[in-house]
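# A look at the structure
Here are the chains, one letter per residue:
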Amino acid sequence: MDNYNDDLYPLALLMDELKHDDVSNRVEAMQKLDNIAIALGPERTLKELLPFLNDVAQDDEEEVFAVLASKLGDFVPLVGGHENCEPLIQILTILASMEEPIVRDKAIDSLYKISLELTLDELTGIFLTLIRSLSQGNWFSKKVASCGLYKAVILKVNSSARRDLLNLYLKLVTDDYPMVRRAAANNLPHLINLLTEFTEEKPNDVNKINNEDWEIISKMFQHLINDDQDSVKFLSIDVLIAILEFFQKINEYSFNSDFLTSALKLIKDESWRVRYTAADRFTKIAKNFTNEESDLFQLIDPFISLMKDNEGEVRKAIAKQLPSFCELLTKYQSTRATILSKIIPVVNELSQDSQDNVRASLASTITGLSPILEKQSTIDKLLPIFLVMLKDEFPDVRLNIISNLSVVDETIGINLLSTNLLPAITELAQDYKWRVRLAIIEYIPKLAKQLGESFFNDELLSLCMSWLWDPVFAIRDAAVNNLKDLTIIFGSDWANNEIITRLLNNGDKIDEDDKIDYSNFIIRITCLFAITKLIPVVDYQIIVKKVLPFINSLITDAVPNIRFNVAKSYLILVETFVRNKSKLPIKDEELKKLINLEILANLEKLSNDTDVDVRFYASKSIQGIQDLLN
């Protein structure tokens with residue numbers, strides 16, 4: 001009797017928790033569903049747990065339903081395999097028919113996951129019946145749910161059954177409810193992509209896609225592009241792309257003129273949402289029309305009209321497509337010529353657009369035109385636009401141009417840009433938004449490679465050093481990392497002459513006014529962070545003669561934060577020595593002597609410090625060093 005009660009306990013506990021008044025408790029109980037099923041075993045899960053869950057699925061909150069729907073997708077092994085999954089499908093069908101999108105979507109995902117486990121007979125028996133039932137349901141939510149399930153069976157059935165399914169799907173595309181049409185349009189590209197893959201993999205299969213299938217799909221597409229709801233019509237653009245890609249892969253271009261007409265209709269649609277989607281996918285559409293010069297040529301004016309669109313969001317989206325579309329135009333001489341004659345003048349207008357986000361979008365892509373145009377055309381036509389945008393009042397515009405200048409450098413060289421580049425960088429480096437300053441710091445190493453050491457020292461080095469004293473820690477931290485990256489580019493001697501001497505106040509050329517005031521705690525700890533960061537990338541002699549004495553001088557600092565960071569720095573020193581042991585100009589005995597007499601001796605002092613954190617990090621570094629030496 002006790003064993004029987006023990007066996008009932010998991011289910012009784014779940015039932016009890018699912019009666020709790022607080023929905024968060026019920027959600028937490030549902031999260032443990034798989035563990036309860038494991039405890040019960042497949043037989044009792046089928047006979048006891050699933051009937052109980054079937055009742056729960058009809059009387060609770062959507063948060064509980066969402067967890068239940070998600071969990072049941074992994075239940076096939078817990079009910080003894082795919083042959084026992086029909087009760088799971090029944091529960092998920094209830095959940096998939098609900099109006100709450102989050103519950104419905106998770107139930108559809110779980111049903112699809114289960115379909116992958118089923119045999120062909122089970123799939124065509126159980127699933128096909130389910131899809132037909134939902135598709136012809138008396139409420140919109142059932143029809144919406146069915147749209148997400150066609151992908152499970154579309155390739156598994158014979159050509160006759162597939163045609164019936166496509167005709168059923170056509171009814172969903174033309175349904176009275178916009179929500180159903182939207183769901184059908186949303187799922188249609190994936191179905192077409194599956195048919196495309198099937199055709200590629202099995203071109204001679206007895207159930208291959210035929211003209212009757214495409215006739216039905218064509219009807220769906222025509223209904224979608226003529227839909228009176230914008231929220232449905234804009235989805236037809238992805239359907240068009242999927243259809244175009246299918247015919248592109250089978251090298252069938254006889255329908256291109258019809259598809260081009262449809263594409264132009266969508267691009268010029270009255271609804272800005274449709275035009276926005278067309279702009280956002282413009283290159284994906286256009287690349288399917290490159291087979292004929294005349295077809296590609298017909299897309300140039302619509303592209304320009306989108307660049308001049310009344311809606312800022314449309315102009316922003318088409319600006320992102322600029323380099324990729326222009327790359328397609330280079331295929332033919334006639335279309336290539338229009339880049340300079342038609343598109344660049346509109347790009348110039350777009351660079352002075354009234355909306356900040358449009359100019360910022362253009363700035364992120366315009367540099368990509370440099371490799372497409374010849375060097376002289378870039379200098380004559382694009383360079384003036386770059387220089388105007390480098391002076392833009394909106395920081396993101398200047399930042400996006402600077403962040404992508406390496407592409408321009410490869411085409412025309414950095415010298416033509418440098419005179420205008422530096423004022424923009426200086427201004428951005430002092431921008432009131434710290435994230436803008438941060439982005440500039442992260443770009444500096446890339447710029448340093450382009451400018452060269454001499455130019456960098458004269459124009460940007462002081463700026464890089466000034467970031468070390470920024471009031472925002474994230475900027476100071478990035479500045480420290482920046483100095484390490486610059487040392488990797490320019491070398492150890494450069495770091496010694498230009499950075500370390502400045503940080504340690506021991507250069508002959510440093511004026512009294514330029515010397516660092518170590519009385520400030522933030523300045524001392526920032527110098528320590530910077531010097532420590534340089535340890536792995538500077539030579540041994542610099543470490544011994546300059547870095548180590550500086551670190552040693554801070555072991556008696558009044559601030560515990562500095563003392564425990566000194567302890568951390570000692571460990572980094574020894575890690576660097578051990579890692580580069582074969583390259584060091586001293587013997588092992590001398591290195592051990594240096595570590596024992598200078599580094600470990602100072603760490604021993606710190607391990608007896610009055611501050612608990614200093615003692616902790618000192619002991620940790622001592623242990624780390626001993627592990628490295630043994």
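Residues numbered from 1 in each chain as written. Predicted model: local features only at pLDDT ≥ 70, side-chain atom pairs only at ≥ 80, totals over all residues. Heavy atoms only, no water.

- Per its UniProt entry, the protein chain bears the Sequence similarities (unreviewed entry) comment "Belongs to the phosphatase 2A regulatory subunit A family." (UniProt positions renumbered as here; feature names shortened; annotations may be inferred.)

## Looking at the overall build of the protein chain
- Along the protein chain, the regular secondary structure elements total 38 helices and 0 strands.
- Relative to its length of 630 residues, the protein chain is extended, with a C-alpha radius of gyration of 34 Å against a globular reference of 25 Å.
- Each principal axis of the C-alpha atoms in the protein chain carries an extent, and together these give about 90 × 90 × 45 Å.
- Counting only residues that meet the buried cut, the protein chain has 52% of its 630 residues in that class. (Helix = DSSP H or I, 4+ residues; strand = E, 2+ residues; numbered from the N terminus. Rg over C-alpha atoms; globule rule 2.2 N^0.38 Å. Buried < 20%, exposed > 50% of the residue type's maximum accessible area, 1.4 Å probe, protein only.)

## Some remarks on the UniProt feature "repeat: HEAT" (unreviewed entry) in the protein chain
- In the numbering used here, UniProt assigns the feature "repeat: HEAT" (unreviewed entry) to residues 49-83, 165-202, 259-295, 299-336, 343-381, 382-420, 421-459 and 599-630.
- Taken end to end, residues 343-381 is 64% helix and 0% strand, and its first and last C-alpha atoms sit 11 Å apart.

## Considering a nonpolar patch on the surface
- A contiguous nonpolar surface patch, about 260 Å² in accessible area, is contributed by W139, Y177 and M179.
- Here W139 lies in the loop between α8 (120-135) and α9 (140-147). (Patch = residues over 30% accessible without salt bridge, like charges linked within 9 Å, V, L, I, M, F, W, Y side chains within 5 Å. Areas by Shrake-Rupley, 256 points an atom, 1.4 Å probe, with all protein chains shown as cover. Salt bridge = Lys/Arg side-chain N within 4 Å of Asp/Glu carboxyl O.)

## Observations regarding the packing of aromatic side chains
- For the structure on display, the rule yields 21 aromatic pairs.
- On the numbers, 6.1 Å between centres and 70° between planes, the contact of W139 with Y177 is edge-to-face. Placement of the pair is W139 in the loop between α8 and α9 and Y177 in the loop between α11 (159-173) and α12 (178-201), with a sequence separation of 38 residues.
- Residue Y177 is classed as partly exposed on the basis of its relative accessible area of 31%.
- Seen from their ring centres, F247 and F259 are 5.6 Å apart, and the 35° between their planes marks the pair as tilted. Placement of F247 in helix α15 (residues 236-249) and of F259 in helix α16 (residues 256-267) is noted, with a sequence separation of 12 residues between them. (Phe/Tyr/Trp six-rings, centres within 6.5 Å; stacked < 30°, edge-to-face > 60°.)

## Concerning empty space enclosed by the protein
- Throughout the structure, instances matching the rule amount to 1 cavity of 30 Å³ or more.
- Considering only enclosed or pocket space, the largest cavity measures out at about 30 Å³ in volume.
- When residues of the lining of the largest cavity are traced back to their parent elements, those giving at least two are α32 (473-490) and α34 (521-534).
- Among the elements that make up the lining of the largest cavity, the one with the highest residue count is α32 (4 residues).
- Residues belonging to the lining of the largest cavity are distributed by class as follows: 3 nonpolar, 1 polar and 2 charged. (1 Å grid on protein atoms, 1.4 Å probe; cavity = no way out; pocket = protein on both sides within 12 Å on 5 of 7 lines; lining within 4 Å. Points joined across faces, edges and corners; volume = space filled by probe spheres on them. Nonpolar A, V, L, I, M, F, W, Y, C, P; charged D, E, K, R; others polar.)

## Here's the deal with the packing of helix α26 (residues 395-403) against helix α29 (residues 434-451)
- Running from amino to carboxyl end, α26 crosses α29 at an angle of 15°, the nearest separation of the two axes being 10 Å. Put simply, α26 runs roughly parallel to α29. You can see that α26 and α29 cross each other, and the crossing is left-handed. Contact with α26, carried on its side by P395, L399, I402 and S403, involves V436, A439, I440, Y443 and K446 of α29 and no other residues of that element.
- Split into classes, the residues belonging to the contact of α26 with α29 amount to 7 nonpolar, 1 polar and 1 charged. (Axes fitted to C-alpha atoms, helices over the stretch in contact; angles between N-to-C directions. Parallel < 35°, antiparallel > 145°, perpendicular 65-115°, else oblique. Left-handed = near helix turned anticlockwise from the far one by under 90°. Contact = heavy atoms within 4.5 Å.)

## Topic: α12
- With 24 residues, α12 should cover 34 Å at 1.5 Å per step; its first-to-last C-alpha distance of 35 Å lies within 8% of that length.
- At L188, α12 is deflected by roughly 30°, the largest bend along its length, and proline P189 occurs up to four residues later in sequence. (Expected span 1.5 Å × (residues − 1). Bend = angle between axes of the 7 residues up to and from the residue.)

## Details of the environment of T426
- In this structure, T426 sits in helix α28 (residues 415-429).
- For T426, a relative accessible area of 33% puts it in the partly exposed group.
- For the pair T426 and E459, spaced 33 residues apart in the sequence, the C-alpha separation amounts to 9.7 Å.

## Some points on the nonpolar core
- Within the largest apolar cluster, 225 residues are counted, with the highest numbers of intra-cluster contacts made by L95 and F325.
- Per element, the largest residue contribution to this core is 10 residues, and it comes from α12. (Core = buried A, V, L, I, M, F, W, Y, C linked by side-chain atoms within 4.5 Å.)

## Notes on helix α7 (residues 101-115)
- Taking 1.5 Å of rise per residue, the 15 residues of α7 would be expected to cover 21 Å, and the 21 Å separating its terminal C-alpha atoms lies within 8% of that figure.
- Those residues of α7 not exposed but buried are V103, R104, A107, I108, S110, L111, I114 and S115. The arc enclosing the buried residues of α7, seen along the axis, measures out at 165°, which places them on a common side.
- Tucked into the core, α7 has its buried residues touching α5 (62-72), α6 (86-96), α8, α9 and α10 (150-153). (Arc of directions from axis to C-beta.)

## Thoughts on the confidence of the model for the protein chain
- Looking at the protein chain, pLDDT values average 86 and 93% of them are 70 or higher.
- Between residues 1-7, whose pLDDT stays under 50, and residues either more than four places distant or in other chains, the model counts 2 contacts. (pLDDT = per-residue confidence, 0-100.)

## Re the pattern of salt bridges
- Following the criterion strictly, the structure yields 23 salt bridges and no others.
- Between E200 and K249 there is a salt bridge; the shortest N-O distance is 3.8 Å. In this pair, E200 sits in helix α12 while K249 sits in helix α15, placing the two residues 49 residues apart along the sequence.
- According to the relative accessible area criterion, K249 is partly exposed, its value standing at 48%.
- A salt bridge links R437 to D470, with the nearest nitrogen and oxygen atoms 3.0 Å apart.

## With respect to the side chain of Q321
- When you line up the elements, Q321 lands in the loop between α21 (312-320) and α22 (322-329).
- Residues within four places of Q321 in sequence aside, it is in contact with A279, D280, R281, F282, T283 and F303.

## A closer look at the state of the cysteines
- Considering all chains together, one arrives at 0 disulfides under this definition.
- The thiol of C464 is not disulfide-bonded; the next cysteine sulfur, from C527, is found 15 Å away. (Disulfide = S-S within 2.5 Å.)

## Concerning the packing of helix α33 (residues 492-504) against helix α35 (residues 540-552)
- One can describe the packing of α33 onto α35 by two numbers: an axis separation of 12 Å at closest approach and a directional angle of 25°. As the angle between them shows, α33 and α35 are arranged roughly parallel. Note on packing geometry: the crossing formed by α33 with α35 is left-handed. Within the contact between the two elements, α33 uses S492, N496, I500, T501 and L504 and α35 uses I542, K546, V547 and F550.
- Partitioned by chemical class, the residues of the contact of α33 with α35 number 5 nonpolar, 3 polar and 1 charged.

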